[in-house]
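# Examining the three-dimensional arrangement
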Amino acid sequence: MMATGKMRIMLRGYDAPLLEQATEQILDAATRTGAQISGPVPMPTRRRRFTVIRSPHITKDSQEHFELWLHKRLVDIVEPSSKTMDVLQRLNVPNGVEVSVKVIQ
């Protein structure tokens, strides 16, 4: 039985190698079931910068700067079968990677 539409998978994570590992796991699982894949598409990396005063009582001139990089990947699976959906649901993704799945008609 073939599902109509496509499945859009968005992966987010702060650790780029873990994100790539999760993307490869999803691609391998989808290709084993014979699904047609579009992607992975690297989305723009979001960088959040924080400035913290080192000593709040002495001087404001001494500051530390921190950055958080949020990496994102987009994978589309065109015409996924029910077998593809079952395999993707049972997939064990590494900790630190957020996976969101949308079914688009």
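Along every chain, residues carry numbers that run from 1 in the direction the sequence is written. Given that this is a predicted model, residues contribute local features only at a pLDDT of at least 70 and side-chain atom pairs are listed and counted only at 80 or more, while totals for whole chains, interfaces and linings are drawn from all residues. Computation of side-chain values: all heavy atoms of the structure, hydrogens and water removed.

Turning our attention to the environment of Pro-40. Here a strand is any run of E in DSSP of at least two residues, a helix any run of H or I of at least four, and the numbering for each starts at the N terminus. With respect to the helices, strands and loops of the structure, Pro-40 is situated in strand E2 (residues 36-53). Categorising residues by exposure relies on relative accessible area from a 1.4 Å probe, with only protein chains included: less than 20% of the type maximum marks a residue as buried, more than 50% marks it as exposed, and the intermediate range marks it as partly exposed. With relative accessibility at 32%, the residue Pro-40 sits in the partly exposed group. The spacing of Pro-40 and Glu-20 is 20 residues in sequence and 9.6 Å in space, taken between C-alpha atoms. By definition in these notes, contact holds between two residues if any of their heavy atoms fall within 4.5 Å. Non-local contacts of Pro-40, meaning those with residues more than four positions away in its chain, are made with Thr-23, Leu-27, Leu-74 and Val-75.

With that out of the way, let us pick up the sheet that holds strand E4 (residues 97-104). Spatial ordering of the open sheet is given by E2-E3-E1-E4, a layout of four strands whose pairing is antiparallel. Of all strands in the sheet, those with a lone pairing partner are E2 and E4, marking the two edges. Averaged over all pairs of adjacent strands, the angle between strand axes in this sheet comes to 15°, irrespective of strand direction. Only strands that DSSP links by at least two bridges are regarded as paired with each other. Across 14 bridges, E2 lies against strand E3 (residues 63-78) in antiparallel orientation. Only C-alpha atoms enter the line fits that serve as axes; for helices the fit covers just the stretch in contact. Angles between N-to-C directions range over 0 to 180 degrees.

Any residue range with low pLDDT should be treated as having predicted coordinates unsuitable for detailed reading. The pLDDT value expresses, per residue, how confident the predictor is, ranging between 0 and 100. Model confidence for the protein is summarised by a mean pLDDT of 85, while 96% of its residues fall at 70 or above. Considering each helix and strand of the protein separately, the mean pLDDT is smallest for helix H2 (residues 82-89), with a value of 82, and largest for E3, with 91.

Ring pairs are drawn from Phe, Tyr and Trp, using the six-membered ring of Trp, whenever the two centres fall within 6.5 Å, and their geometry is named by plane angle: stacked under 30 degrees, edge-to-face over 60, tilted for the rest. Scanning the model with the defined rule gives zero aromatic pairs in all. Here, a charge over a ring means that NZ of Lys or CZ of Arg falls within 6 Å of the ring centre while also lying within 35 degrees of the ring normal. Here the basic side chain of Arg-47 rests over the ring of Trp-69, its NZ or CZ set 5.3 Å away from the ring centre.

A cluster of nonpolar residues, Tyr-14, Phe-50, Val-52, Phe-66 and Leu-68, forms a patch on the protein surface that exposes about 460 Å² of accessible area. Elements supplying a minimum of two residues to the nonpolar patch: E2 and E3. Mapping Val-52 onto the fold places it in strand E2. Using a relative accessible area of 38% as the deciding quantity, one classes Val-52 as partly exposed. For patch building, the residue pool is restricted to those with more than 30% relative accessible area and no salt bridge; the joining distance is 9 Å between like charges and 5 Å between nonpolar side chains (Val, Leu, Ile, Met, Phe, Trp, Tyr). What sets the accessible areas is the Shrake-Rupley method with a 1.4 Å probe; for residues, cover comes only from the shown protein chains. By convention in these notes, a salt bridge is any Lys or Arg side-chain nitrogen within 4 Å of a carboxyl oxygen on Asp or Glu.

Okay, helix H1 (residues 16-32) next. Taking 1.5 Å of rise per residue, 17 residues should cover 24 Å, and H1 covers 24 Å from first to last C-alpha, within 8% of that figure. Among the residues of H1, Leu-19, Ala-22, Thr-23, Ile-26, Leu-27, Ala-29 and Ala-30 are the ones counted as buried. For H1, the buried positions fall inside an angular range of 165° around the axis, keeping them on one side. Facing away from the buried side of H1 by over 90 degrees, the exposed positions are Pro-17 and Arg-32. For H1, the secondary structure elements touched by its buried residues are strand E1 (6-13), E2, E3, H2 and E4. Here, expected helix span is obtained from the residue count minus one, scaled by 1.5 Å. Arc definition: it is the arc formed by the directions from the helix axis to the C-beta atoms.

Only protein atoms enter the 1 Å grid, on which a cavity is a set of points fitting a 1.4 Å probe that cannot get out and a pocket is an open set with protein on both sides within 12 Å along at least 5 of 7 lines, lining residues being those with an atom within 4 Å of a point. Grid points are joined across faces, edges and corners, and a volume is the space filled by probe spheres set on the points. A volume near 150 Å³ is recorded for the largest pocket. Looking at the largest pocket, the residues that line it are Met-7, Ile-9, Ile-26, Met-85, Leu-88, Gln-89, Leu-91, Val-93, Val-99 and Val-101. When contributions to the lining of the largest pocket are tallied by element, the ones reaching two or more residues are E1, H2 and E4. The element contributing the most residues to the lining of the largest pocket is H2, with three residues. Residue composition of the lining of the largest pocket, grouped by class: nine nonpolar, one polar and no charged. Ten residues, namely Ala, Val, Leu, Ile, Met, Phe, Trp, Tyr, Cys and Pro, are considered nonpolar, four, namely Asp, Glu, Lys and Arg, are considered charged, and the remaining ones, Gly among them, are considered polar.

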